[in-house]
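Per-entry structural report
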Amino acid sequence: MNKIIEAIPLPPLYYNASDTTYWKEDAERKWIRVNESSAKNYIAEFAYSKSGERGDNSEVERCLLAIQSKRNVAYVGPLAGYPSGIHKMAGNLVLVTTGPKWIQPKLGTWPTIEKLVQGLFMDVELDQRPYFYGWLKYARSSLVKREWRASQLFTMAGPVGSGKSLLQLLITEALGGRSVKPYQFMMGETTFNSHLFKGEHLMLEDENEAIDIKSRRRFAANIKTLLVSRDQNCHGKNREALTLQPLWRMTLTVNDDPERLLVLPPFDADIKDKIICLKANRVEMPMKTGTDEEKASFWKTLMNELPAFLHFIDQYEVPTHLRDGRYGIAAYQHPSIVEDIQETTPAMQLLELIDAGLWGTEVTHATWEGSSGEMERILSDRENKVCHEAKRLFSYPKAAGSYLAKLRDTDAEPAKGRVKSRKVNGYTVWTIEPVQKQTLPIRPKLK
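So, a few notes on the structure that sits alongside this text. (Residues numbered from 1 in each chain as written. Predicted model: local features only at pLDDT ≥ 70, side-chain atom pairs only at ≥ 80, totals over all residues. Heavy atoms only, no water.)

**Examining the packing of aromatic side chains**
For clarity, the cut-off: Ring pairs shown here join Phe, Tyr and Trp side chains whose ring centres sit within 6.5 Å, with only the six-membered ring taken for Trp; geometry is labelled stacked below 30 degrees between planes, edge-to-face above 60, and tilted in between. For every residue, the accessible area obtained with a 1.4 Å probe (protein chains only) is divided by the maximum for its type, and the residue is called buried under 20%, exposed over 50%, and partly exposed between those limits.
Scanning the model with the defined rule gives 19 aromatic pairs in all. With centroids separated by 5.2 Å and ring planes inclined at 70°, the aromatic side chains of Tyr-42 and Phe-46 adopt a geometry described as edge-to-face. Classification of Phe-46 by relative accessible area gives partly exposed; the value is 33%. The rings of Trp-110, Phe-121, Phe-132, Tyr-133, Trp-135, Phe-154, Phe-309, Phe-312 and Tyr-316 are connected pair by pair, giving a single aromatic cluster.

**Quick look at the sheet that holds strand S8 (residues 179–180)**
Cut-off, in case you're wondering: In short, DSSP must find at least two bridges between two strands for them to pair. Here a strand is any run of E in DSSP of at least two residues, a helix any run of H or I of at least four, and the numbering for each starts at the N terminus.
One open sheet accounts for six strands, arranged S8-S9-S12-S7-S13-S16; its pairing is parallel. One side of each edge strand has no neighbouring strand; the edge strands of this open sheet are S8 and strand S16 (332–333). Note that strand S13 (residues 275–279) and S16 share two bridges and pair parallel. Residue pairing in the sheet places Ile-276 in a bridge with Tyr-332 of S16.

**Structural notes on the environment of Ala-150**
The test is simple: In this description, contact between two residues means that some pair of their heavy atoms is separated by no more than 4.5 Å.
Mapping Ala-150 onto the fold places it in the loop between helix H5 (129–145) and strand S7 (153–158). Residue Ala-150 is classed as buried on the basis of its relative accessible area of 5%. Sequence-wise, Ala-150 and Tyr-138 are 12 residues apart; in three dimensions their C-alpha atoms are separated by 10.0 Å. With sequence-adjacent residues up to four places away left out, Ala-150 is seen in contact with Leu-227, Val-228, Arg-326 and Tyr-327.

**Some thoughts on the nonpolar core**
Applied cut-off: For the purposes of this section, nonpolar cores are sets of buried Ala, Val, Leu, Ile, Met, Phe, Trp, Tyr and Cys residues that join through side-chain atoms within 4.5 Å.
Leu-79, Phe-121, Phe-132, Phe-154, Leu-244 and Phe-309 are the most contacted members of the largest nonpolar core, which totals 82 residues. Per element, the largest residue contribution to this core is eight residues, and it comes from H5. Those residues in contact with Leu-79 that lie beyond four places of it in its chain are Met-89, Val-94, Val-96, Thr-98, Arg-178, Phe-197, Glu-200, Leu-244 and Pro-246. Membership of the second largest hydrophobic core comes to 25 residues, among which are Met-375, Ala-400, Leu-404 and Ala-415.

Take a look at the structure:
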């Protein structure tokens, strides 16, 4: 009997040991779960005998054992970027039950989408459209070809009703039609993340996100984890974690008022190349959207134009000066957003405290030199007018040195070139230049 089983191809049936289930395709080629009894009946349809000699396993039972051994899948379910079927990754067999639904690109015109994109990203001074086109081009290329590539967070910051959320929905359709919400996992509100593996589009939109600096840095760390690492740890409730290789892209829409922009991480050197942040203008919709019927008609028009738009995207040539060897498209952050974000960072808050606490309103003053510890003691001294703000800012050991290092490395005004460091006998000595024309600084509002 063993020779018979070895000679006959195993039926297209798979076993998942984690929940002792069997999986087969139904008449519509959808993968369904079946119990052991149904699995045996299914095997019998492939000329395996259900009867066996006393004490021996039947051909069906021997086939079932072979399936448990050779067709054992470590994961069953949708998997971002992969069509339905069996795939090998990270040393495991995985059974993908449903894949993305790709819209077939078609040469044509897309005037409604063009007006929407132009209104969002183009003004008299800047044309941000190449960054959107380039990001979407490489996102689709990676997913359609199933070739993993590191990617950036694509962010749109703009007023309520600007159309940014609408464009985000079109991005979902362009990336296979499936989106999932990653924010709770990214912020540590849950350790379970298996739901993220079911969609290609990790979508964040105008949620009640945390805006304290600790949360923002956690957000930055998870941007890097989810978008720059191929192997991802998939952990479902009551399941053992396993390594999978999803194909993801992440977008974020956020209102552009100063407080909501604080959702974004500080644009430090280690995260700046991993974020594209465009400023979204308030745009008049290309069609009427006052009623449910008008909204439905508008969406239908957008979907009808989407094949032509995707043909344009797939054929789009990224300008040479915007190309990036790692991500395909270079990172970019709109200058006005960068300015707003920089003003809220602890490092820039420290610079304001330095200007107020070291020199005050004096017009002339000398360069300051010393250690980060000396700086912290000076600003935190109860006789210093900024002592309360300083104590709140220096919330952990070595905070002063960390913030000074960021000021040293930044290109943002007014910090650029003002903070330098050198080593003396193994210790870091900081040099801080005063502003050229000192005025009374505004005390920062610390969170």
